[in-house]
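Coordinates in review
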Amino acid sequence: MAKFLIVEARFYDHLNDQLIEGAKAAIEAAGHKAEVITVPGALEIPAAIALADQSGAYDGYVAIGVVIRGETYHFEIVAGESARGIMALTIDGLAIGNGILTVENEAQAQVRADPAQKDKGGEAAKAALALLALKERFA
């Protein structure tokens, strides 16, 4: 049984709750365990994953958050840099599913977060599960 850490940037509570619900359901359906920690924002997710990985306590990770485009360039920085940080860790061999939604508005986020609709939290967890299986295969 593997242990996954879900790292959430808690900003939109109701959306994050749905993303976490989907992620936990996918991990538990695969017979594994999940724990959740919260960080201030999406930019902190890669650092939290890197720090957690140093503990050796987790086999895989799921990044959860919602970034909604605003009127400034901040959206592009948060969306791009959080994805870049997660990808760098993935290339270094960590099994991470990226469930950080980057959307134009809250309505788009709602559809993607809802486990009964797009279930992006569940999809991110399934990606982490698939990467962990590959990591074990090539170990």
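The coordinates are above.
The model shown is predicted, which means the values in this text are computed figures rather than measured ones.

The next point concerns the nonpolar core. One finds Phe-4, Ile-6, Val-62, Ile-64, Val-66 and Leu-101 to be the most contacted residues of the largest nonpolar core, which totals 23 residues. Mapped onto this core, the elements with two or more residues apiece are β1 (3–9), α1 (13–29), β3 (60–68), β4 (96–103), α4 (106–113) and α5 (120–138). Examining the composition of this core, we find that six residues originate from one element, α1, more than from any other. Setting aside residues no more than four positions away along its own chain, Ile-64 makes contact with Ile-6, Val-7, Glu-8, Ala-9, Asn-16, Leu-19, Ile-20, Ala-23, Ile-45, Gly-99, Ile-100 and Gly-121. Membership of the second largest hydrophobic core comes to 20 residues, among which are Val-39, Ile-49, Tyr-61 and Ile-86.

Moving on: the packing of aromatic side chains. Evaluated as defined, the whole model comprises two aromatic pairs. Their ring planes at 75° and their centres at 4.9 Å tell us that Phe-11 and Tyr-12 sit as a pair that is edge-to-face. You can call Phe-11 exposed: its relative accessible area is 60%.

Phi is positive for Asp-119, close to 50°, though the residue is something other than glycine. By the element assignment, Asp-119 lies in the loop between α4 and α5. The exposure class assigned to Asp-119 is buried, which follows from its relative accessible area of 17%.

We now examine helix α2 (residues 45–55). The complete set of buried residues in α2 reads Ile-45, Pro-46, Ala-48, Ile-49 and Ala-52. Down the axis of α2, the smallest arc covering the buried residues is 160°, so these residues share one side. In α2, the exposed residues that point more than 90 degrees away from the buried face are Leu-51 and Gln-54. Against the buried residues of α2 lie β1, β2 (33–39), β3, α3 (74–91) and β4. Where α2 terminates, the next one or two residues include Gly-56, which has phi positive at roughly 75°.

The next thing to look at is the environment of Lys-3. Within the secondary structure layout, Lys-3 lies in strand β1. Sequence spacing of Lys-3 and Val-36 is 33 residues, and the spatial spacing of their C-alpha atoms is 11 Å. Residue contacts for Lys-3: discarding those within four places in its chain leaves Lys-33, Glu-35, Ala-57, Tyr-58, Asp-59 and Gly-60. Looking at Lys-3, its side chain comes within polar contact range of the side chain of Glu-35, at 3.4 Å.

What counts and how
- Residues numbered from 1 in each chain as written.
- Predicted model: local features only at pLDDT ≥ 70, side-chain atom pairs only at ≥ 80, totals over all residues.
- Heavy atoms only, no water.
- Core = buried A, V, L, I, M, F, W, Y, C linked by side-chain atoms within 4.5 Å.
- Buried < 20%, exposed > 50% of the residue type's maximum accessible area, 1.4 Å probe, protein only.
- Helix = DSSP H or I, 4+ residues; strand = E, 2+ residues; numbered from the N terminus.
- Contact = heavy atoms within 4.5 Å.
- Phe/Tyr/Trp six-rings, centres within 6.5 Å; stacked < 30°, edge-to-face > 60°.
- Arc of directions from axis to C-beta.
- Polar contact = N/O pair within 3.5 Å; in protein donor to acceptor, adjacent residues only side chain to side chain.

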